[in-house]
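Remarks on the overall topology
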Amino acid sequence: MLFLSTETPVTLEWVDDAQTILKLKLTGRWKWSDLLPSLVEIRRNHEDSDRLFDLIIDVSQSKLYESNPIGFMREYMLPSYGVSALRLIVVVGVDNFARVLWSGITALPIARHLRAYFFDTLDEAIQFCQRYTGIQTNE
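Procedures and definitions
- Note that residues are indexed from 1 along each chain, following the sequence as it is written.
- Only residues with pLDDT of at least 70 get local features here, since the model is predicted, and only at 80 or more are side-chain atom pairs given and counted; chain-wide, interface and lining totals rely on the full set of residues.
- Working from all heavy atoms in the structure, the side-chain values ignore hydrogens and water.
- Strands here mean DSSP runs of E at least two residues long; helices mean DSSP runs of H or I at least four residues long; both are numbered from the N terminus.
- A simple rule labels every residue: compare its accessible area, found with a 1.4 Å probe on the protein chains alone, to the largest value its type can have, and call it buried under 20%, exposed over 50%, or partly exposed in between.
- Two residues form a contact once any of their heavy atoms are found within 4.5 Å.
- With residues, only the protein chains shown are counted as cover, and all accessible areas are computed by Shrake-Rupley using a 1.4 Å probe.
- For this analysis, a salt bridge means a side-chain nitrogen from Lys or Arg found within 4 Å of a carboxyl oxygen belonging to Asp or Glu.
- By nonpolar core is meant a set of buried Ala, Val, Leu, Ile, Met, Phe, Trp, Tyr and Cys residues that side-chain atoms within 4.5 Å join together.
- A score from 0 to 100, pLDDT tells how confident the predictor is in each residue.
- The term polar contact refers here to a pair of N or O atoms within 3.5 Å; inside protein, the definition further demands a hydrogen-donor-capable atom paired with an acceptor-capable atom, and it admits residues adjacent in sequence only when both atoms are side-chain atoms.

Each helix and strand counted, the protein has four helices and six strands in total. Taking all 139 residues of the protein together, the buried fraction comes to 40%. The contacts in the protein between residues at least 6 apart in sequence include a share of 73% that link residues at least 24 apart. Total accessible area computed for the protein in this model is approximately 8500 Å², and 51% of it derives from carbon and sulfur atoms.

Laid out in structure tokens, this is it:
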């Protein structure tokens, strides 16, 4: 496990031995500020890396304690949170409203680097990351 604190409901751990899929898991009640140490660690460890990795954000067992995702994104992630080694952002366990909101925000040119794929289960997300080729087909 890369980062674990008893004071925060956020953990980071590799899903696979090859360290190509990193899981950021939120449990219980959390605030946007709880994400900052993990985001800083991801950026510090991968900013200059050529090795691609996928990030799965699992919120399936959590509840957001505060609102204002747009304010958080504007202050901390737009446009400065670009990690070149980050191949995919995959989110598990968010409701349809959050999916539409996130998809709408990341359709803007300033936020395209935060575009995400959404799944209901962690297993679906892991399988997607393992099979993703970057080539979209109509099949």
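Okay, the pattern of salt bridges next. Taken as a whole and assessed by the stated rule, the structure comprises three salt bridges. Linking Asp54 and Arg87 is a salt bridge whose minimum nitrogen-to-oxygen distance equals 2.7 Å. Linking Asp54 in strand β4 (residues 53–64) with Arg87 in strand β5 (residues 86–92), this pair joins segments that are 33 residues apart in sequence. Residue Arg87 is classed as partly exposed on the basis of its relative accessible area of 33%. The residue Asp120 makes a salt bridge to Arg99 at a minimum N-O spacing of 2.7 Å. Highlighted residues: Asp120 in the loop between β6 (117–119) and α4 (122–131) and Arg99 in helix α3 (residues 96–105), separated in sequence by 21 residues. Residue classification places Arg99 among the buried residues on the basis of a relative accessible area of 18%.

On to the nonpolar core. By size, the foremost hydrophobic cluster in this structure holds 23 residues, and its most contacted members are Leu22, Leu24, Leu26, Leu35, Ile42, Phe53 and Leu55. The set of elements that each furnish at least two residues to this core consists of β2 (10–14), β3 (21–30), α1 (36–46), β4 and β5. Looking at this core element by element, the count peaks at four residues for β3. Residues Val90, Val92, Ala125 and Cys129 belong to the second largest nonpolar core, which totals ten residues.

With that settled, the discussion passes to the confidence of the model for the protein. Summarising the model, the protein shows a mean pLDDT of 82, and 78% of its residues fall at 70 or more. The secondary-structure element of the protein with the lowest mean pLDDT is strand β1 (residues 3–4), recorded at 47, while β6 shows the highest, at 95.

So, about unusual backbone geometry. Even without glycine at this site, Gln19 takes up a positive phi of about 55 degrees. Structurally, Gln19 can be placed in the loop between β2 and β3. Residue classification places Gln19 among the partly exposed positions, given a relative accessible area of 32%.

Attention now goes to the side chain of Arg99. A polar contact of 3.2 Å, which involves the side chain of Arg99, links it to the backbone oxygen of Val94. Those residues within four positions of Arg99 in sequence are excluded, and the remaining contacts are Val94, Phe118, Phe119 and Asp120.

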